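# Tertiary structure, described
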Amino acid sequence: MSDTQPTVRLRETLASVPAYKAGKPAAPREDLVTYKISSNENPYPPLPSVVQVVADAAARMNRYPDPAVRALTEALADRWGVTPDEVTTGTGSVGVLGTLVQITCDPGDEIVYAWRSFEAYPIVAALADAKSVQVPLDSQAKHDLDAMAAAITDRTRLVIVCTPNNPTGPSLGDDELRAFLAKVPSDVLVVIDEAYLEFVEPDKQLDALAIYRDHPNVCVLRTFSKAYGLAGLRVGYCIAHEPVAEALRKAALPFGVSDLAQLAAVASLEAYDELQERVDALMTERSRVADALAEQGWEIPESQANFVWLPLGDDALAFAAAADQEGLVVRPFDGDGVRCSIGEVEANDRLIEVCREFRTR
Ligand SMILES: *Cc1c(COP(=O)(O)O)cnc(C)c1O
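Residues numbered from 1 in each chain as written. Predicted model: local features only at pLDDT ≥ 70, side-chain atom pairs only at ≥ 80, totals over all residues. Heavy atoms only, no water.

With an unreviewed UniProt entry as reference, the chain is termed Aromatic amino acid aminotransferase, source organism Calidifontibacter indicus. In the Sequence similarities (unreviewed entry) part of its UniProt record, the chain is described as follows: "Belongs to the class-II pyridoxal-phosphate-dependent aminotransferase family." Its UniProt record, at the heading Function (unreviewed entry), says of the chain: "Aminotransferase that catalyzes the conversion of aromatic amino acids and 2-oxoglutarate into corresponding aromatic oxo acids and L-glutamate." (UniProt positions renumbered as here; feature names shortened; annotations may be inferred.)

Printed below as a string of structure tokens:
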């Protein structure tokens, strides 16, 4: 054995933690502009008003941020008509989700969620030594809520509902979600992960906060990373009832949300009308891409988020390689499909072309 072999003992559960495959940056090319459409980021640069606030705050980074995140918590409470006590923040909504697992699951407890869904779910579960119970999506790439309800056991401590679902795109309606919740034991916490909430068409929108008000075991997880365009600053939040919110505050990473992130999030809430125009433009682009693909003969699930899902099965990696040739970095899931974010108009044009060529190859 080489003497550089690690001898420290690490937790056994780490062996089952899938490594997070981050979206690769697009490698610069001389012949064409490349686009990264693999991480569902907002393609627009931050608003000048938000950049200004962050630039001013940069001069104070020798100081810790407000640990109570007061201004942002109050702005969010105000925006959503809840009390500040019901709002907790974290380093991205993935940070908050990790804390939700910590406060609900002992080793061996179960977390029920749909699959395929967000890549972070199996990671946060495995890190806590909780057991992932993955319930296959239905034939429309949508949550199979009946099967999810049936998968709940007396070891279930957490259920995650992702709507719209990453990476497939469909969203859930009020009635089906309420019918599902009626079957969930009242001591099991249900997280509604609404990372793409702002991209849902008005007639498809779920009133997650009304559902939250009616169910003491429901909480709502949201982020500034997608519609608000603050992915690089790491700030997300959860709207939760006591004692869940109280437990989240106890378990949160101290000073996890930087001063820059707190201020940028407040400024973004204030500038939301301006951001909404961008979200609307992205939704228009999403329709344009979906229509073009339908015209080419693709059958893809209806996306209510800022990406489209190509159910390519065993061709997923080949498609990603073909896209890469054309300067597009997409997100393939081997053997399953490819998620392509809606990006700049030119990136979307190129995606449509790559899809056309791939079908006729
Ligand atoms: C992008 C995304 C998030 C947000 O992650 P952050 O940590 O807030 O950047 C949460 N849930 C889902 C399903 C996502 O796709």
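### Examining the site of the ligand
Taken together, the neighbourhood of the ligand is formed by 14 residues, with Ser93, Tyr196, Thr223, Ser225 and Lys226 sitting nearest. Between an oxygen atom of the ligand and a side-chain N or O atom of asparagine 166, the distance comes to 2.7 Å. Aspartate 193 is positioned such that a nitrogen or oxygen atom in its side chain is 2.8 Å from a nitrogen atom of the ligand. Starting from 380 Å² of accessible surface for the ligand in isolation, the protein chains cover 94%. Sort the elements by how many residues they give to the shell around the ligand and helix H3 (residues 92-104) lands first, with three residues. A class-by-class count of the residues in the shell around the ligand yields six nonpolar, five polar and three charged. (Near = heavy atom within 4 Å. Polar contact = N/O pair within 3.5 Å; in protein donor to acceptor, adjacent residues only side chain to side chain. Areas by Shrake-Rupley, 256 points an atom, 1.4 Å probe, with all protein chains shown as cover. Helix = DSSP H or I, 4+ residues; strand = E, 2+ residues; numbered from the N terminus. Nonpolar A, V, L, I, M, F, W, Y, C, P; charged D, E, K, R; others polar.)

### Looking at the pattern of salt bridges
Per the stated rule, a full pass over the model turns up 22 salt bridges. The shortest N-O distance in the salt bridge between arginine 178 and aspartate 214 comes to 2.8 Å. Note that arginine 178 is positioned in helix H6 (residues 174-181) and aspartate 214 in helix H7 (residues 208-214), a separation of 36 residues in sequence. On the accessibility criterion, arginine 178 (29% relative accessible area) is partly exposed. (Salt bridge = Lys/Arg side-chain N within 4 Å of Asp/Glu carboxyl O. Buried < 20%, exposed > 50% of the residue type's maximum accessible area, 1.4 Å probe, protein only.)

### Digging into a nonpolar patch on the surface
Together, Val8, Leu10, Leu14 and Leu127 give the surface a local cluster of nonpolar side chains, amounting to about 400 Å² of exposed area. Positionally, leucine 127 belongs in helix H4 (residues 120-127). The class for leucine 127 is partly exposed, based on a relative accessible area of 39%. (Patch = residues over 30% accessible without salt bridge, like charges linked within 9 Å, V, L, I, M, F, W, Y side chains within 5 Å.)

### A few points about the state of the cysteines
Applying the stated criterion across every chain yields a total of zero disulfides. Cysteine 162 takes part in no disulfide bond, and the closest cysteine sulfur to it belongs to cysteine 219, at a distance of 13 Å. Take cysteine 238: it sits in no disulfide, and the sulfur closest to it among the cysteines is that of cysteine 219, at 3.8 Å. Residue classification places cysteine 238 among the buried residues on the basis of a relative accessible area of 0%. (Disulfide = S-S within 2.5 Å.)

### A closer look at the side chain of serine 303
Along the chain, serine 303 falls in the loop between helix H10 (272-295) and strand E9 (307-310). Residue serine 303 is classed as buried on the basis of its relative accessible area of 9%. Aside from chain neighbours lying at most four places away, what touches serine 303 is Gly169 and Arg286. (Contact = heavy atoms within 4.5 Å.)

### Regarding the packing of helix H1 (residues 48-58) against helix H9 (residues 259-270)
Across the interface, H1 lies against H9 with an axial gap of 9 Å and an inter-helix angle of 155 degrees. In terms of their interaxial angle, H1 and H9 are classed as roughly antiparallel. Relative to H9, H1 is oriented so that their crossing is right-handed. Along the contact surface, H1 presents Val50, Val53, Val54, Ala57 and Ala58, while H9 presents Asp259, Leu260, Leu263, Ala264, Ala267 and Ser268. Here the residues of the contact of H1 with H9 are counted per class, giving nine nonpolar, one polar and one charged. (Axes fitted to C-alpha atoms, helices over the stretch in contact; angles between N-to-C directions. Parallel < 35°, antiparallel > 145°, perpendicular 65-115°, else oblique. Left-handed = near helix turned anticlockwise from the far one by under 90°.)

### Observations regarding the sheet that holds strand E5 (residues 156-162)
In spatial order, the strands read E2-E8-E7-E6-E5-E3-E4; together these seven strands make up an open sheet with mixed pairing. Each of the sheet's edge strands pairs with one partner strand only, and the pair in question is strand E2 (87-90) and strand E4 (131-136). With strand direction ignored, the average angle separating the axes of adjacent strands in the sheet is 25 degrees. Two elements, strand E3 (residues 110-115) and E4, share six bridges in a ladder whose sense is parallel. Looking at E4, one finds that glutamate 110 is bridged to lysine 131. Where helix H2 (residues 70-80) meets the sheet, it contacts E2, strand E7 (218-223) and strand E8 (236-239), and its direction lies at approximately 130 degrees from that of E2. Contacts from H6 reach E5, strand E6 (189-193) and E7 within the one sheet, and its direction differs from that of E5 by about 175 degrees. (Pairing = 2+ DSSP bridges.)

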